[in-house]
Amino acid sequence: MASELQSARKTETVFRTENLNIYYGDFLAVRDISIEIPKNKITAFIGPSGCGKSTVLRCFNRLNDLIKSFHLDGKLFYHDQDLYAPEIDPVEVRRQIGMVFQKPNPFPKSIYDNVAFGPRLLGYKGDMDELVERSLKQAALWDDIKDKLKAMGTDLSGGQQQRLCIARAIAVQPDVILMDEPCSALDPISTLKVEDLLQELKEKYTILIVTHNMQQASRASDRTAFFNVEANAKGQRTGYIVEYDRTEVIFQSPKEQATQAYVSGRFG
Amino acid sequence: MATSPSQTAMPTERSQSSRVLDKAFVWLTGAFAIGVGFVLLAIAFRVGTDALPAIQKFGLSFLTTSRWSVNDEVFGALTQIYGTLVTSFIALLIAVPIGIGVALFLSEDYLPPRIKQPVVFLIELLAAIPSVVYGLWGIFVLIPLLKPFGIWLNTNFGWIPLFSTAPSGPGIYVAGIILSIMILPIIAAISRDSLVAVPAEIRQAAYGLGATRWETIFQVILPAAFSGIVGGIMLALGRAMGETMAVTMVIGNSNSISPSILSQGSTVSSLLANQFAEAGGLQVSSLMYAALILFGLTLVVNVLAEIIVRRFSLKL
């Protein structure tokens, strides 16, 4: 199965969804998601709170599977492979598609063990020291901590912790990195560091980033999907994509009124 | 600043009585806290002074000899110290894996909450059973139940010193098993609390890296909860070493030392419970000495627990 997923890493479109509807029990959380995510680009999901950006993001590595009431219909293709086909093991999906979370969440282990965690799980046989160093360098953290690899990851500053989490994610050499508001708990300087890092990482990885910060989306991303939310008669709020295009189009000449209103700061 | 209350403006000054009350509250709670510490010291001091004659007479040989003769006024508590350690060890051997297993099962989302809550409650209720009830249950239910198993162990594995005596009913292994049931809820409840306290973000991080549920539990959740679990185990060990009633009822109270867990024995606490009523003179002093040793043992366990909890506590 790993090989199916691995050999799937060919097409220029990394993800393609067709009429994806996401439910929690009977509740329709997000509807009609049909988008294509291109390779080696940064795709940003923006929109007001509760519009389902993170929910959609977590479908791409099947992390929503951990929620018992979750189910979806429609199709989600990773390259050409249906990600929700019955023969696909969600654990293997997550080994291809890394994730960085909103709140920095290093393990209460040493910096080294944090980065080596994923590779050890996968039974990596190569030079672990070298891999850890390379991952930390890619995450622009190496110079900060190269003398204290044995220190606890949880003792680092917030911005360093988040870069450690990025290093941990790229240590397993994933194809895609999902980032769920990775800078929302960080100060402006750490945020800029992470944004600079994104530009370097996209050479090797495809990045999807959920953000509340519109400047961040306009600065850092190549493509932007604007999500909105509407309530039905029962008061249930369902998210959907209003507009998805190149980032400069979304921010400078959006086709939809709602997008224009949101990116100009009139609501949300 | 004037201490008299202001007349027309909003009274921003605190009244005298409020200040006094504040002070009084600090003093009162301080006195409680110091009082509790003082009680501990007073008990230790009294036990220590009463034990002094026996300490002077027997010295450290009290710890290494097992003769307990009231007529000759020769006392040694090796049998009891050995019994205390062995029963506690058996109890931990059984209760630690089961307790942590129970805690793991109840901290994960295997059960729907409306079934899980009652199960958690039932396990914690085990701790509420009075120890004399455990003892009674041990005598009338557990001993008959275990006897065939003890005989089977002795006939098939009698060549192992651990099972080298024929079981007579009560015995060290019965006491160990009773203790394991008594300390199980402590281990399970405290371990569960520390497992539940592991932040959900860490769990998600492990899943996000492609860890399975087992890999997540064993490589991330358990290590993160380690200090709390060890703290719970140490607390349980303290309880097991000091437990008196149930143990006295099922251990047989013989003063013989044997490598076999099927034989009868006694613990420090069962010795005290059995002998204090008719004791006099040097015997009282010797009992106090034994009590002091038990006191020291539990103290060591608690200090160790504290050190381990601090050393490995989760820094987040």
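Being a predicted model, the structure only gives us computed values, none of them experimental.

**What about the environment of Gly-50 of chain A?**
Residues and elements named next belong to chain A.
Here comes step 1: Within the secondary structure, Gly-50 sits in the loop between β4 (42-46) and α2 (53-59).
Here comes step 2: You can call Gly-50 exposed: its relative accessible area is 54%.
Here comes step 3: Distance from Gly-50 to Asn-228, taken between C-alpha atoms, is 8.5 Å for residues 178 residues apart in sequence.

**Considerations on the pairing of strand β11 (residues 237-246) of chain A**
Here comes step 1: β11 of chain A sits mainly inside the fold: 8 of its 10 residues count as buried.
Here comes step 2: Here strand β10 (residues 223-231) of chain A hands over to β11 of chain A after 5 residues, with Gly-235 of chain A in that stretch at a positive phi of 85°.

**Observations regarding the UniProt feature "transmembrane region" (unreviewed entry) in chain B**
Residue and element names in this part refer to chain B.
Here comes step 1: The UniProt record marks residues 24-45, 81-107, 119-143, 172-195, 216-237 and 287-309 with the feature "transmembrane region" (unreviewed entry), using the residue numbering of this structure.
Here comes step 2: Annotated as residues 81-107, this span is 100% helix and 0% strand, and its ends, taken at the C-alpha atoms, are 37 Å apart.
Here comes step 3: When the span residues 216-237 is considered, its composition is 100% helix and 0% strand, and the gap between its end C-alpha atoms is 28 Å.

**Looking at the UniProt feature "domain: ABC transmembrane type-1" (unreviewed entry) in chain B**
Here comes step 1: Taking the numbering used here, the UniProt-annotated feature "domain: ABC transmembrane type-1" (unreviewed entry) corresponds to residues 81-305 of chain B.
Here comes step 2: Helix makes up 75% of residues 81-305 of chain B and strand 0%, whereas the separation of the span's terminal C-alpha atoms amounts to 21 Å.

**Describing the confidence of the model for chain B**
As a note on interpretation, predicted positions should not be read in detail where pLDDT is low.
Here comes step 1: Of all residues in chain B, 96% have pLDDT values of 70 or greater, and the mean over the chain is 90.
Here comes step 2: The weakest mean pLDDT in chain B belongs to helix α11 (residues 282-312) of chain B at 88; the strongest belongs to helix α3 (residues 78-107) of chain B at 95.

**What to know about helix α8 (residues 213-242) of chain B**
Here comes step 1: For α8 of chain B, built from 30 residues, the straight-helix expectation of 44 Å at 1.5 Å per residue is missed by more than 12%, its first-to-last C-alpha distance being only 38 Å.
Here comes step 2: A maximum bend of about 60° is found in α8 of chain B at Phe-226 of chain B.

**Things to note about the side chain of Asn-114 of chain A**
Residues and elements named next belong to chain A.
Here comes step 1: Secondary-structure assignment places Asn-114 in helix α4 (residues 111-121).
Here comes step 2: Within the structure, the side chain of Asn-114 is placed 3.3 Å from the backbone oxygen of Lys-109, a separation counted as a polar contact.
Here comes step 3: In this structure, Asn-114 is in contact with Pro-106, Phe-107, Lys-109, Gly-153, Leu-164 and Arg-168, ignoring residues within four places of it in sequence.

**Some thoughts on the environment of Leu-78 of chain B**
All names here are of chain B.
Here comes step 1: Considering the arrangement of structural elements, one finds Leu-78 in helix α3.
Here comes step 2: Taking the C-alpha atoms as reference, Leu-78 lies 8.1 Å from Ile-257; in sequence the two are 179 residues apart.
Here comes step 3: When near neighbours in sequence (up to four residues on either side) are disregarded, Leu-78 contacts Phe-62, Leu-63, Thr-64, Thr-65, Ser-66 and Ile-257.

**A few points about the interface of chain A and chain B**
By a widely used convention, the size of an interface equals the accessible area lost when the partners come together.
Here comes step 1: With 24 residues of chain A at the interface, the matching set in chain B holds 21 residues.
Here comes step 2: Taken together, both faces of the contact between chain A and chain B bury some 1,900 Å²; the carbon and sulfur share is 63%.
Here comes step 3: Across the contact surface, chain A and chain B share 2 salt bridges.
Here comes step 4: Measuring nitrogen to oxygen at the nearest pair gives 3.8 Å for the salt bridge that ties Lys-103 of chain A to Glu-201 of chain B.
Here comes step 5: Between the two partners, chain A and chain B, sit 5 residue pairs in polar contact (both at pLDDT 80 or more).
Here comes step 6: If you list the elements that add at least two residues to the side of chain A that touches chain B, you get α3 (90-96), β7 (97-100), α4 and α7 (158-170) of chain A.

**Details of the nonpolar core**
Here comes step 1: Phe-62, Ile-183, Ile-187 and Leu-195 of chain B are the most contacted members of the largest nonpolar core, which has 67 residues in total.
Here comes step 2: Not counting chain neighbours up to four residues away, the residues in contact with Ile-183 of chain B comprise Ala-91, Leu-92, Ala-95, Ala-236, Arg-239 and Ala-240 of chain B.
Here comes step 3: Listed in part, the 47 residues of the second largest apolar core include Ile-33, Phe-70 and Val-93 of chain A together with Leu-209 of chain B.

**Section: the pattern of salt bridges**
Here comes step 1: Tallied over the full model, the rule gives 23 salt bridges over all chains.
Here comes step 2: Measuring nitrogen to oxygen at the nearest pair gives 2.6 Å for the salt bridge that ties Arg-219 of chain A to Glu-195 of chain A. Within this pair, whereas Arg-219 of chain A is found in helix α9 (residues 214-220), its partner Glu-195 of chain A is found in helix α8 (residues 188-201), the two being separated by 24 residues in sequence.
Here comes step 3: In this structure Arg-219 of chain A comes out as partly exposed when scored by relative accessible area, which is 47%.
Here comes step 4: Linked through salt bridges whose partners overlap, the residues forming this network are Glu-108, Asp-109, Arg-203 and Arg-213 of chain B.

**A word on the packing of aromatic side chains**
Here comes step 1: The final tally for this structure, using the stated rule, is 15 aromatic pairs over all chains.
Here comes step 2: Among the aromatic residues, those joined into a ring-pair cluster are Phe-58, Phe-62, Trp-68, Phe-75 and Tyr-289 of chain B.

**Looking at the UniProt feature "domain: ABC transporter" (unreviewed entry) in chain A**
Here comes step 1: Feature annotation in UniProt assigns "domain: ABC transporter" (unreviewed entry) to the following positions: residues 15-254 of chain A.
Here comes step 2: Taken as a whole, residues 15-254 of chain A contains 33% helix and 29% strand, while its terminal C-alpha atoms sit 23 Å from one another.

**Quick look at the confidence of the model for chain A**
Here comes step 1: Model confidence for chain A is summarised by a mean pLDDT of 90, while 96% of its residues fall at 70 or above.
Here comes step 2: Across chain A, the element-wise mean pLDDT spans from 61 in helix α1 (residues 2-7) of chain A up to 95 in strand β9 (residues 206-210) of chain A.

**Points about the environment of Tyr-289 of chain B**
Here comes step 1: If you trace the backbone, Tyr-289 of chain B turns up in helix α11.
Here comes step 2: Residue classification places Tyr-289 of chain B among the buried residues on the basis of a relative accessible area of 7%.

**Quick notes on the pairing of strand β5 (residues 70-78) of chain A**
Looking down a regular strand, the side chains alternate between one sheet face and the other.
All names here are of chain A.
Here comes step 1: By the bridge criterion, 8 bridges tie strand β1 (residues 13-24) to β5 in an arrangement that is antiparallel. Residue pairing across strands places Glu-18 opposite Lys-75, the latter belonging to β5.
Here comes step 2: Pairing of β5 with strand β6 (residues 81-82), which is carried by 2 bridges, proceeds in the antiparallel orientation. Bridge assignment links Tyr-78 to a residue of β6, and that residue is Gln-81.

About the thresholds
Residues numbered from 1 in each chain as written. Chains lettered and ligands numbered in written order. Predicted model: local features only at pLDDT ≥ 70, side-chain atom pairs only at ≥ 80, totals over all residues. Heavy atoms only, no water. Helix = DSSP H or I, 4+ residues; strand = E, 2+ residues; numbered from the N terminus. Buried < 20%, exposed > 50% of the residue type's maximum accessible area, 1.4 Å probe, protein only. Pairing = 2+ DSSP bridges. UniProt positions renumbered as here; feature names shortened; annotations may be inferred. pLDDT = per-residue confidence, 0-100. Expected span 1.5 Å × (residues − 1). Bend = angle between axes of the 7 residues up to and from the residue. Polar contact = N/O pair within 3.5 Å; in protein donor to acceptor, adjacent residues only side chain to side chain. Contact = heavy atoms within 4.5 Å. Buried area = accessible area lost by both parts, 1.4 Å probe. Salt bridge = Lys/Arg side-chain N within 4 Å of Asp/Glu carboxyl O. Core = buried A, V, L, I, M, F, W, Y, C linked by side-chain atoms within 4.5 Å. Phe/Tyr/Trp six-rings, centres within 6.5 Å; stacked < 30°, edge-to-face > 60°.

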